[in-house]
Amino acid sequence: MTAVDRCSDKTRAWVCEAVRIIEADANRSADTHLLPFPLPVDWNVQLYLKDESTHPTGSLKHRLARSLFLYALCNGWITEGTPVIEASSGSTAVSEAYFARMLGLPFIAVMPRTTSPEKVQLIEHQGGRCHFVDEPGMIYTESYRLAGELGGHFMDQFTHAERATDWRGNNNIAESIFGQMSLEPNPEPLWVVVGAGTGGTSATIGRYVRYRAFSSRLAVVDPENSVFFDAWRDTEPGLTGCRGSRIEGIGRPRVEPSFLGQVIDRMIKVPDAASIATIRRVAPLLGRRVGGSTGTNLWGAFQIVAELKAAGVAGSIVTLLCDGGERYSHTYYDDAWLTAQGIDLAPHDQVLTTFLERGEWTA
Ligand SMILES: Cc1ncc(COP(=O)(O)O)c(C=O)c1O
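Because the structure is a prediction, the values reported are computed rather than measured.

Asker: Any details on the domain arrangement of the protein? Residues and values, ideally.
Answerer: Splitting the protein by domain gives domain 1 (29-55 + 168-358) and domain 2 (61-161). The centre of domain 1, based on its C-alpha atoms, is set 25 Å off from the matching centre of domain 2. In this complex, domain 1 contributes 26 residues to the contact, which on the side of domain 2 involves 20 residues. Of the roughly 1800 Å² buried between domain 1 and domain 2, counting both surfaces, carbon and sulfur atoms make up 48%. At the junction of domain 1 and domain 2, the tally comes to three salt bridges. In this structure, E52 and R63 form a salt bridge, with 2.7 Å as the shortest nitrogen-oxygen distance. Between domain 1 and domain 2 we count 15 residue pairs in polar contact (both at pLDDT 80 or more) in total.

Here is the structure:
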């Protein structure tokens, strides 16, 4: 598209209408719930789950996808008919496909061939096309190549998540959490516990608590086969290595541009078996299944609950329910898959039993 076309009245009108359509979607949507997690009252520590699975596209990535589209539209990167390409392990692609269809744009998700069939179906159900790579690390270069070949736009969540999201407000996830905590016994949580894929969610929360002068601290959990923990601990932003994470949506083989280590107060490494043992254990307590990254979040949150209880400190903790478990019936909820992965839940199950019964942490 030439510069003249880009600035034509017709193009500008299309962009303004596209923005209106996305804002109308937000206007039709209710905010997600903040759910108390059932812990004994006499522990004097309250734990809450921010349930992002109730977004129209089923995960926390609905907020990010909306911000990325508005950012790309208002930057002039997307105009009428522009193919949109994204490098995603799934959740982001599901949400971006939803907005692309709303704007009548072709959408292609570039992802590892190992991505769960459920997520592939969800993307196709939203009208997107899936493009597979064998090497998880190839998703970036392949996305650029496809964008070049098709004259499209690579949305690049890993680079733009932290800058496309309005971290000062505009109902970002942090503003929503603190607003919904305001009438609770301990409205300013001592800790907010989240995972990192792009790092956009943790960056938004870390910035927001500083911007609003809250005393809350940010803890980020990291699964196996991810470089975030080591990179943060050793202040090595260039660290790479590791094959992809088994906990979909979080953990990365490189430190992503949207990962902001400086706003993170603590990181916790969580074994994959612990994440999966946790989601299986809490399903009956929550009355439903949740995704793997929620298990990683809860394992970290439980550890901090036990520390506060042991120290006799009263307060609250908030963590995220990132997506529903229906997307993982062929993986985390499948015993054969666990065996094939060599994952033993028993030792972590014991830790959860001791914690849920006595509030002590034995990991
Ligand atoms: C299910 C799930 N949980 C957590 C995250 C992490 O969020 P962020 O990319 O904001 O770090 C993702 C990211 O893709 C995800 O898909």
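Asker: With reference to specific residues and values, describe the packing of helix α4 (residues 91-102) against helix α5 (residues 117-125).
Answerer: At a minimum axis separation of 8 Å, α4 and α5 run at an interaxial angle of 10°. When the axes of α4 and α5 are compared, the pair comes out roughly parallel. Residues S91, A93, V94, A97 and R101 of α4 lie in contact with α5, whose contacting residues are K119, L122, I123 and H125. When the residues that make up the contact of α4 with α5 are grouped by side-chain class, the tally is five nonpolar, two polar and two charged.

Asker: Explain the site of the ligand to me, using residue names and the numbers behind them.
Answerer: Around the ligand sit 15 residues, and of these K61, G197, T198, T201 and S293 come closest. The contact in question runs from an oxygen atom of the ligand to an N or O atom on the side chain of T198, over 2.7 Å. Taking G249, its main chain carries an N or O atom lying 3.3 Å from an oxygen atom of the ligand. Taken by itself the ligand offers 390 Å² of open surface, and the protein chains cover 97% of this.

Asker: Lay out the environment of G315 in plain terms, naming residues and giving numbers.
Answerer: Here G315 is to be found in strand β10 (residues 315-321). A residue is classified by how much of its surface remains accessible, and G315, at 2% relative accessible area, is buried. For the pair G315 and Y144, spaced 171 residues apart in sequence, the C-alpha separation works out to 46 Å. G315 has contacts with N44, V45, Q46, N186 and L190, leaving out every residue within four places of it along the chain.

Asker: Give a detailed account of the packing of helix α12 (residues 292-311) against helix α14 (residues 346-358), specifying residues and quantitative values.
Answerer: Packed helix pairs are specified by the crossing angle of their axes together with the interaxial distance, meaning the distance between the axes. Here α12 crosses α14 at 45°, and the two axes come no closer than 11 Å. Judged by the inter-axis angle, α12 sits oblique to α14. Between α12 and α14 the crossing geometry is left-handed. Of the residues in α14, those in contact with W299, F302, V305, A306 and K309 of α12 are H348, V351, L352, F355 and R358. Looking at the contact of α12 with α14 residue by residue, the class counts come to seven nonpolar, one polar and two charged.

Asker: Can you tell me about the pairing of strand β8 (residues 217-222), naming the residues and giving the values?
Answerer: Moving residue by residue along a regular strand, the side chains alternate between the two faces of the sheet. Within β8, five of the six residues are buried, which leaves it mostly tucked inside the rest of the structure. As paired elements, strand β7 (residues 191-195) and β8 share five bridges and run parallel to each other. Note on β8: the bridge partner recorded for V192 is L218. Once you follow β7 into helix α9 (residues 200-211) and on to β8, the crossover reads as right-handed. Where β8 lies against strand β9 (residues 266-269), four bridges are found, and the strand directions are parallel. Looking at β9, one finds that A219 is bridged to R266.

Asker: Requested: an account of the sheet that holds β9, with residues and values cited.
Answerer: The strands that make up a sheet are held in pairs by hydrogen bonds between backbone atoms, and each pair lies either parallel or antiparallel. On the basis of which strands lie adjacent, the open sheet formed by six strands has the order β1-β2-β10-β7-β8-β9 and mixed pairing. Two strands bound the open sheet, and with one partner strand each, they are β1 (33-37) and β9. Within the sheet, the average angular offset between the axes of one strand and its neighbour, ignoring direction, is 25°.

Asker: Tell me what's going on with helix α7 (residues 157-164), and back it up with residues and numbers.
Answerer: Count 3.6 residues to each turn of an α-helix, and residues three or four apart come out pointing the same way. Burial runs high along α7: seven of the eight residues are buried. Of all the positions in α7, only Q157, F158, T159, H160, A161, E162 and A164 are classed as buried. On its buried face, α7 sits against α3 (61-74), β3 (84-87), α4, α6 (139-150) and α9.

Calculation rules
Residues numbered from 1 in each chain as written. Predicted model: local features only at pLDDT ≥ 70, side-chain atom pairs only at ≥ 80, totals over all residues. Heavy atoms only, no water. Domains from an automatic or database assignment. Contact = heavy atoms within 4.5 Å. Buried area = accessible area lost by both parts, 1.4 Å probe. Salt bridge = Lys/Arg side-chain N within 4 Å of Asp/Glu carboxyl O. Polar contact = N/O pair within 3.5 Å; in protein donor to acceptor, adjacent residues only side chain to side chain. Axes fitted to C-alpha atoms, helices over the stretch in contact; angles between N-to-C directions. Helix = DSSP H or I, 4+ residues; strand = E, 2+ residues; numbered from the N terminus. Parallel < 35°, antiparallel > 145°, perpendicular 65-115°, else oblique. Nonpolar A, V, L, I, M, F, W, Y, C, P; charged D, E, K, R; others polar. Near = heavy atom within 4 Å. Areas by Shrake-Rupley, 256 points an atom, 1.4 Å probe, with all protein chains shown as cover. Buried < 20%, exposed > 50% of the residue type's maximum accessible area, 1.4 Å probe, protein only. Left-handed = near helix turned anticlockwise from the far one by under 90°. Pairing = 2+ DSSP bridges. Right-handed = clockwise from strand over helix to strand, strands pointing away.

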